[in-house]
Structure formats: C-alpha cells, structure tokens
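This is what each chain is made of:
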Amino acid sequence: MDTLSSDNAVISAETSLPWHHPHEKHLDTLVELTFLNIHSDAIHDIGNDKTNGSSSTAQSGHSSSNIEDILNHALSKCTTAATAHTQSSLSSTLDNSNIYSKETSERLITSVLRFVRLQDRYLSLSSLLLKSMSFHATFLEDGKEQRQQRPVVELPRTKYNKPYIPLRIKNDASTADDDDDDEKYVNVYPISISHQYPHCGLARLVVTSTSTTSNPQNEDLKTNANQDTLLGMDIVVFEPYNTRLYTSATHFLECFDGSFSCWEWSRIRYREIPNNKKKKKKLFPKVRNKKSRTPKMEPRSDDDLLKEFYIRWSMKEAYTKALGVGMGLDFRSFETRLLDGIDEGEEEVFGTKTNGDAYGNNEDEAALTERSAVVDGAWDTILQRCRNEFGEDTNSNGEKCCITDNDKQKRMKVRGRVIYLEEHKEDELWDFWFVPLPGREALQISDDFSFGACACVCLGPLSPSSCGASDEARLLMKSMTLNELIEWHTGDSSESI
C-alpha cells in the first residue's frame, strides 16, 4: 500500500463516531482522505491516452471482458446499507452470508457497465468500492482488521443524488425500512467523493472525543457531534481544451461564463504585474492624498488561465457538494474568496481582526508585499507554499524525474470566505485544503514532472469562535490501487483501513 502519511493505518482505532454533548469541546476532528489512482490498474484495458472520445474497446486492443471479469469478482458479495445495519446489530462483523443479495450485485454491475468508455467504468467501480469501505470504517467497532471477506455495501442517495452513510439505530422496534435514518441524518457521518480520470478520491469526517466522560444515555445512537459541519470534495484534472472546437483557452471558458462573478473572472483571467521598481528616497517628498491604487494587470497565458479556472471551479463544486446540492445551486449566486493574502489580505473576519492570516499568524507587511509580487492566483500560491513546506525532490542532476513520497504529502490549507451575492445571507467562513496530484503523464517516470491535477476539500461553515489554531481539523491522507481495494473487500488482503 502506497500511503501518503507516515502511518499506514490512517484511520484512528475508534472509527465510529461516539456520542457527544452539543457543548462538549473535547473533540478531535479528522478529515480522512483516500485517493485511488486507477491508471496502473486500467492501463491494460484503456491503453495510454487511446480511449478519449472513443468506444470502450476499439483502440485499446483489449476486449471488455477484462472489466467484466473484475466486476464479477469484486461485486460477487453485495448488500445494501439497510441490510448491513440489520446484520451488524447482531454481530460486530458482516460475515453472515444471508445478507448477500444477488439482486444488489446485478444492479451494481449494471450500473458500472452502463458507461461506454472503459475509463468511466473503472472510475464508477472505484467510487463504489471507496463508498463501501467508508461504510465499513464508520461502523467498525473494535478497529481490528483480520483477513476476511467484506460485502460491497451500496449506500443510499439523497434527492440530489448525494451518497450518504445512513444512521444505525440499534432498536428492536426499528426495521431496515424505517425512514428515521433517511436524509435528515445525511450529515451524521459526512462523506464526499469525486473522480476524474485517473483519480478517484473520498473524504470522510471523523469526530472523536478526547474527554474521559461519556453519556450513559443513547449509547446505541452514535452521531457526529458536529452535525452542522459539512464536508465537500472535488478533483479537477488540468486537461487542455479541445483545439478542434475552440480557438483558445479564452474561447473555451466562454462556455462557463455564467458560473462565476465578475470579480472571480477577473481573478481567473488576469494576473498582477510585479512592480520591481525601487522607490527613490526624496529629500522633500510631495504630500499626496492616499488613495487605493489599482494594480497593473496582464492577461494570463493559456496554461495559467486554465489552471486558475480549474482551481476556482473545484472550490465552488466542493462547496456545493458539501451543501449536498451539487450543481443544483447557481454558481454565480456566490463567490469563494481565499484569505491569507491570496484574494483578501487584512480582513475583518466575524469581528476578529487578522493581518493576512485567518489563523492568527501575523505576517509583516514587507514579507506580504514581496510574496504578492511573485505569486498571483490560487494555483501559484498552492505550488509555492507546498514547495516551501515540503521542499522539492530532485534527482542527482537536479531534475524532477518521477513522483516521490514527498510529492504525495504536499497539501495547502487556507481559510476562505463564501459570499452570497443575490441573497441577504451573512458571509460564511470555511476551511479549504488543496492537494496537488500527478497528471496522467507524471504517473510514469518522466524527465518532465509536473502536477496535472488537484483535489479541493472544504469543511465548514465555521463559527466565529473557530478562528483560532486550536480548532483546526487534521487532514490525513493515504493512497491505494484499485486492486488493493478489491482485495480488501474479497478478503485476499489483510491490510488495515
């Protein structure tokens, strides 16, 4: 298993979410992020960049029987979340063959095979297995992993098609068909999933208590103490525009004209020209009225423009997915702005004065000015801060040659503001994580290494009292292959989740 953290077992021993008093402050908030890179698993079927826009089998040189064999093996033992809950109320493990449903297996296999392109089939299967693993992780009582077969659990969906982990209520009066664990409990165990070839990822919020006290009541009702805390995730791959349909990146982005506000488009399309002129000290300087000066701007290059667009898009989609509505919310009805000097510098955040950093780390004006002179935009800042924090790995010749463990650990966290433009709603404060990911080309050893994708995870809305560093949530990451995830379900692997 190729982990993104120093410890393979990134899930804490107590993976279910214990009961908390609404005002209990002894909480440990963990955002568990699991990535699947399916390129190595699917390359024999998909080929190397041969199936874009083509049928599932035409150009890869392989038949679709391979993916069908994989599906029949991986989805041979399936069940629904409601049935799994019924079984788990009787046993700590889901090892009862009576819960397996042939009808569920056939339905899930059909849901994967309905996609024409092989890469979409692999993404669909990966998404299905990641959601199933999150279910098992949530309700695993003892935290001990043995080599055993685990059914693939099908999660229910809301009316907006958002998958969620239903609430388990150990009650003799409840049945698997009760509506009590329906959509009103969708945020009890927050998860969010996103995929774009070759990446598939799932974020899961785990809130545990560090207090030694417990509530004697409702021991069977284990819920997220922060049910108002929402979690969203989106993965974007920096794909070039189709030159047969569009003459330039600007032409391509016209398709998304109604998705961003005027201010956001300005941030996407233009970058500030660094002012390298040194001010000369004058003996008798002229006294002028201090007015805010509009910085000189220049259009971004096509490559820079697309990357900034994709990052800004991922922020919006992660936010709407956290709300549970996805594309059902008009993207132009709100703005997402990053603090910490990226979009906004010295700001008034819910009555708490901050100087460039929403976490209370003051940055002097000279350093902020120098940083802004070289970096402008979200993606520029992500790369710079990741390099500053984690360094840059090179080979003996000083060149990047392949993706390294150090690259896989890179991430940036920054606080952001969501501003509604057409409604009389107060601004919201959210935490955003950005995790650079390799592009398809970087998955193979190459002398031209570059990050070709990025995951955006958002957590919020944050309360006015959460502006301090003590309230920060932790982000733990790991990576798996599709084959490892299948083996974890089929019992061929004893790896811990």
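Residues numbered from 1 in each chain as written. Predicted model: local features only at pLDDT ≥ 70, side-chain atom pairs only at ≥ 80, totals over all residues. Heavy atoms only, no water.

Caption draft 1: Looking closely at the overall build of the protein. Helix and strand content of the protein: 12 helices and 15 strands. Counting across all 497 residues of the protein, residues that qualify as buried make up 49%. Counted over contacts in the protein with a minimum sequence separation of 6, partners at least 24 positions apart contribute 76%. Accessible surface, the protein as shown: approximately 24900 Å² in total, 46% of it carbon and sulfur. (Helix = DSSP H or I, 4+ residues; strand = E, 2+ residues; numbered from the N terminus. Buried < 20%, exposed > 50% of the residue type's maximum accessible area, 1.4 Å probe, protein only. Contact = heavy atoms within 4.5 Å. Areas by Shrake-Rupley, 256 points an atom, 1.4 Å probe, with all protein chains shown as cover.)

Caption draft 2: Highlighting the sheet that holds strand S9 (residues 334-338). Reading across from one edge, S6-S14-S13-S12-S9 is the order of the 5 strands in this open sheet, with antiparallel pairing throughout. Because the sheet does not close on itself, it has two edges, and the strands there are strand S6 (230-237) and S9. Each adjacent strand pair in this sheet contributes to an overall mean axis angle of 30 degrees, direction not counted. Sheet topology places strand S13 (residues 428-438) next to strand S14 (residues 451-462); 9 bridges connect them, and they run antiparallel. Bridging across to S14, Phe-432 finds its partner in Cys-458. Contacts from helix H8 (residues 302-323) reach S6, S9, strand S12 (412-420), S13 and S14, with the element oriented near 150 degrees to S6. (Pairing = 2+ DSSP bridges. Axes fitted to C-alpha atoms, helices over the stretch in contact; angles between N-to-C directions.)

Caption draft 3: How the structure looks around the environment of Trp-263. Mapping Trp-263 onto the fold places it in helix H7 (residues 262-269). Sequence separation between Trp-263 and Glu-335 is 72 residues; the distance between their C-alpha atoms is 8.4 Å. For Trp-263, the residues in contact, after removing those within four places along its chain, are Arg-312, Glu-335, Thr-336, Arg-337 and Asp-343.

Caption draft 4: Spotlight on the packing of H8 against helix H10 (residues 378-390). H10 packs onto H8 with a crossing angle of 85 degrees between their chain directions and a minimal axis gap of 8 Å. On the basis of their axis angle, the class for H8 and H10 is roughly perpendicular. Residue-level contacts link Asp-304, Lys-307, Glu-308, Ile-311 and Arg-312 of H8 to Ala-378, Trp-379, Asp-380 and Ile-382 of H10. Class assignment for the residues of the contact of H8 with H10 results in 4 nonpolar, no polar and 5 charged. (Parallel < 35°, antiparallel > 145°, perpendicular 65-115°, else oblique. Nonpolar A, V, L, I, M, F, W, Y, C, P; charged D, E, K, R; others polar.)

Caption draft 5: Fine view of the nonpolar core. Core analysis: the largest hydrophobic core is formed by 41 residues, its most contacted members being Phe-309, Ile-311, Phe-432 and Phe-434. Among the elements that line this core, the one with the most residues is H8, at 10 residues. Once residues within four sequence positions are removed from consideration, Phe-434 is found in contact with Ile-311, Met-315, Leu-338, Ile-382, Arg-411, Met-412, Val-414, Cys-454, Ala-455 and Cys-456. Leu-123, Leu-129, Leu-202 and Met-480 belong to the second-largest nonpolar core, a separate cluster that totals 29 residues. (Core = buried A, V, L, I, M, F, W, Y, C linked by side-chain atoms within 4.5 Å.)

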